[in-house]
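Survey of secondary and tertiary structure
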Amino acid sequence: MNTPTHAANVKIACDAVSMTFIQKGVQRVPVLRDVSMEVFDQEFLVILGPGQCGKTTLLRIIAGLETPSSGEIRLDGAPIDGPGTDRGLVFQSYMLFPWKTVLGNVTVGLDMNPALTPEERRVEAKRCIDLVGLSGFEKYYPHQLSGGMKQRVGLARAFSMQPKVMLMDEPFGQLDAQTRFFMEQETERIWLSQKRTTLFVTNNIDEALLLGDRIVTMEGKLPGQVKASYRVDLPRPRDPMDIRFLQLRQEITDAQELTL
Ligand SMILES: Nc1ncnc2c1ncn2[C@@H]1O[C@H](COP(=O)(O)OP(=O)(O)O)[C@@H](O)[C@H]1O
Ligand SMILES: [Mg+2]
């Protein structure tokens, strides 16, 4: 559990973040309590927790889509107070425009940047489409793509904005097991090529162990709280049959009582 402690290395800081939703004006739903954690520069951090423990809520707060009831999130030291292109989002649902091609879906974010000429946008979109392995599919529409390919489009779109950090919320939850494993390997390949700081949420322990430099676990009941942090000091690509992989898997499972 030895992690870098230099403040300068901290990319995302969550400082005592709590969230209580008010339903129908009166009923209070406490979803997060006192969540404090950091994501370090160039780190691949995985938040692991069962369903309904507040993971998506936390990511939405970091994305600036929700305001926490108390506490603060900082990105590069500056408090977050709304959405921004400095955070690239990839969610479980693909969020693609069905009437736009792959190229059109990837250029969406770039089109908002007046500093870029149309040609520069195309070049940048093409670079990101190459990065996620979709070259040759630029003119396809979402309905012509498999689930894994749709999620690649989402990844390319998020990357195209050159965000400071990537926020990924169970991005492969809808994929079949084989495609999921392939996409996990692809995610690692892309991350290794760029080392873009990534905060990745999952309920899947094997996915967490395959991808994370570090795994932060969350409690299985509301309000969600951080439980522990594990450093995954194993060489990449990880081997799920490696004895150390299995030992850490057991250690986390024992501590977590994961009911997945
Ligand atoms: N806008 C909301 N209003 C009320 N309750 C909410 C809202 N958003 C999420 N919740 C509640 O927060 C809990 C945790 O949800 P979520 O953050 O999606 O967890 P997870 O991603 O870990 O499954 C759920 O029980 C859900 O009912
Ligand atoms: Mg969720």
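Everything below is about the structure shown above.
Described below are features of the structure shown in this document. In this text, all values refer to a predicted model and were calculated from it rather than measured experimentally.

Parameters and conventions
- Residues numbered from 1 in each chain as written.
- Chains lettered and ligands numbered in written order.
- Predicted model: local features only at pLDDT ≥ 70, side-chain atom pairs only at ≥ 80, totals over all residues.
- Heavy atoms only, no water.
- Near = heavy atom within 4 Å.
- Polar contact = N/O pair within 3.5 Å; in protein donor to acceptor, adjacent residues only side chain to side chain.
- Areas by Shrake-Rupley, 256 points an atom, 1.4 Å probe, with all protein chains shown as cover.
- Helix = DSSP H or I, 4+ residues; strand = E, 2+ residues; numbered from the N terminus.
- Nonpolar A, V, L, I, M, F, W, Y, C, P; charged D, E, K, R; others polar.
- Salt bridge = Lys/Arg side-chain N within 4 Å of Asp/Glu carboxyl O.
- Pairing = 2+ DSSP bridges.
- Axes fitted to C-alpha atoms, helices over the stretch in contact; angles between N-to-C directions.
- 1 Å grid on protein atoms, 1.4 Å probe; cavity = no way out; pocket = protein on both sides within 12 Å on 5 of 7 lines; lining within 4 Å.
- Points joined across faces, edges and corners; volume = space filled by probe spheres on them.

1. Side note on the site of ligand 1
- Around ligand 1, the structure places Phe21, Gln23, Val31, Pro50, Gly51, Gln52, Cys53, Gly54, Lys55, Thr56, Thr57 and Leu222.
- A distance of 2.8 Å is found between an oxygen atom of ligand 1 and a side-chain nitrogen or oxygen belonging to Thr56.
- About the coverage of ligand 1: the protein hides 70% of its 560 Å² of free accessible area.
- Breaking the shell around ligand 1 down by element, the ones donating at least two residues are β1 (10-23) and α1 (55-62).
- For the shell around ligand 1, the leading source of residues is α1, giving three residues.
- Taken together, the residues of the shell around ligand 1 sort by class into five nonpolar, six polar and one charged.

2. Here we look at the pattern of salt bridges
- Across all of its chains, the model carries 23 salt bridges by this definition.
- Between Asp130 and Lys126 there is a salt bridge, with the nearest N and O atoms lying 3.1 Å from each other. Residue Asp130 and its partner Lys126 are both found in helix α3 (residues 118-131); the two are separated by four residues, about one turn of the helix.
- When salt bridges that share partners are traced, they join Lys11, Asp76 and Lys164 into one network.

3. A few points about the sheet that holds strand β8 (residues 197-202)
- With respect to topology, six strands assemble into an open sheet ordered β6-β7-β8-β3-β9-β10, the strand pairing being mixed. Only two strands of the sheet have a single neighbouring strand rather than two, namely β6 (87-90) and β10 (226-231). Adjacent strand axes in the sheet meet at a mean angle of 15 degrees when their direction is disregarded.
- Inspection of the sheet shows strand β3 (residues 44-48) paired to β8 by five bridges, in the parallel sense.

4. Some thoughts on the layout of surface pockets
- The space that makes up the largest pocket amounts to roughly 430 Å³.
- Along the wall of the largest pocket there are 22 residues; nearest its centre are Arg87, Leu89, Arg157, Ala158 and Met161.
- Considering only residue class, the lining of the largest pocket consists of 13 nonpolar, seven polar and two charged.
- The space that makes up the second largest pocket amounts to roughly 150 Å³.
- Lining the second largest pocket, in full, are Gly51, Gln52, Cys53, Gly54, Lys55, Thr56, Thr57 and Glu170.
- Residues of the lining of the second largest pocket, tallied by class, amount to one nonpolar, five polar and two charged.

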